[in-house]
Amino acid sequence: MVVPITGITQEYETLKAAFLNRNYFAPLSNPKRILDIGTGTGQWAIEIGDEFPNAEVQATDLSPIQPSSVPENVHFFIDDASEEDWTLPPEHFDYIHTRILLGCFADFRDVIRRGLHYLQPGGFMESQEIMSTPCCNDGTMPLDWPFLEWSRFGNEAAEKAGRPLEVAHELKNWYEEAGFVDVQEAVFKLPVNSWPNDQHLKFLGGKWEQNLLAGLSGFSMALFSRELGWSKNEIEVIIPGIR
Ligand SMILES: C[S@@+](CC[C@H](N)C(=O)[O-])C[C@H]1O[C@@H](n2cnc3c(N)ncnc32)[C@H](O)[C@@H]1O
């Protein structure tokens, strides 16, 4: 599913619930220097700063939207991760984290490659991303399902904008190509509505559906008109089917 630009907090909460409240999967033990790239509201950095009070947590973003009242070991910086130089010392961090940065970079491989440069030997880097195309595990999703078609248009528009959304399924390969070793991948289900019988998946699906519905119109208007040349009417016509 395509991630709407709005509702960062809702996205954050949903992913955290999908991960059963875990903030990371790397086998961290007493990390000293942590970097969160594209931190958004800074919530992850704040929680990780609380969990590791002896670590120095640096968190970067293009926008200064982070709160000012944070743990004293957490520091926010304005920095563009698409720049070659992150204005940070090389081999400095023992853990680098990225989350929901699909559609932010021309080539996510550059972020991974630079991450390696800024990571201490033996350190960990971890990326958590959302598939921008819905999948179906029992063959019942028709190829012309409006939500699937919408996600294809989203992918096409993002590609044209030079900021691809289709990142998640490539990450393991890209990490290995960049020179990381012992690369682990974990895949989580994130239903697009509350149809599952399983109570955990039902909860996640309900939350994610709210997020998708909240962002559907704005995301489509912004990207489809600009990148695909659609008129407002053409976009408005497809929205009810997707809803
Ligand atoms: C969807 S939000 C994710 C925020 C956060 N990682 C989370 O999980 O809640 C994407 C964030 O990436 C930031 N971003 C986009 N391009 C960036 C860049 N080139 N360098 C640094 N941050 C960037 C945006 O400003 C936005 O805050």
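Everything quoted here is computed from the prediction, not taken from an experiment.

### Things to note about the sheet that holds strand β2 (residues 56–61)
Moving on, step 1. What the five strands build is an open sheet, ordered β3-β2-β1-β4-β5; its pairing is parallel. The sheet terminates laterally at β3 (74–78) and β5 (119–128), the two strands that pair on one side only. When strand polarity is set aside, the average angle formed by the axes of neighbouring strands in this sheet is 20°.
Moving on, step 2. Across the sheet, helix α3 (residues 108–118) is in contact with β1 (33–37), β4 (93–99) and β5; its angle to β5 comes to roughly 150°.

### Considering the side chain of D36
Moving on, step 1. With respect to the element layout, D36 can be found in strand β1.
Moving on, step 2. With no salt bridge to any partner, buried D36 finds its closest opposite charge in R99, at an N-O distance of 7.2 Å.
Moving on, step 3. Apart from residues lying up to four places away in sequence, D36 is in contact with W44, A45, Q58, A59, T60, H97 and T98.

### Some thoughts on the pattern of salt bridges
Moving on, step 1. Throughout the structure, instances matching the rule amount to nine salt bridges.
Moving on, step 2. D107 serves as the salt-bridge partner of R109, at 3.0 Å between the closest nitrogen and oxygen.
Moving on, step 3. Residue class for D107 comes out partly exposed when judged on its relative accessible area of 23%.
Moving on, step 4. What you see here is one network of salt bridges that share partners, running through E84, D110, R113 and R114.

### Structural notes on the domain arrangement of the protein chain
Moving on, step 1. Splitting the protein chain by domain gives domain 1 (20–129 + 167–187) and domain 2 (135–162 + 190–243).
Moving on, step 2. Between domain 1 and domain 2, the C-alpha centre-to-centre distance is 28 Å.

Rules of the game
Residues numbered from 1 in each chain as written. Predicted model: local features only at pLDDT ≥ 70, side-chain atom pairs only at ≥ 80, totals over all residues. Heavy atoms only, no water. Pairing = 2+ DSSP bridges. Helix = DSSP H or I, 4+ residues; strand = E, 2+ residues; numbered from the N terminus. Axes fitted to C-alpha atoms, helices over the stretch in contact; angles between N-to-C directions. Contact = heavy atoms within 4.5 Å. Buried < 20%, exposed > 50% of the residue type's maximum accessible area, 1.4 Å probe, protein only. Lys, Arg positive; Asp, Glu negative; His and termini not counted. Salt bridge = Lys/Arg side-chain N within 4 Å of Asp/Glu carboxyl O. Domains from an automatic or database assignment.

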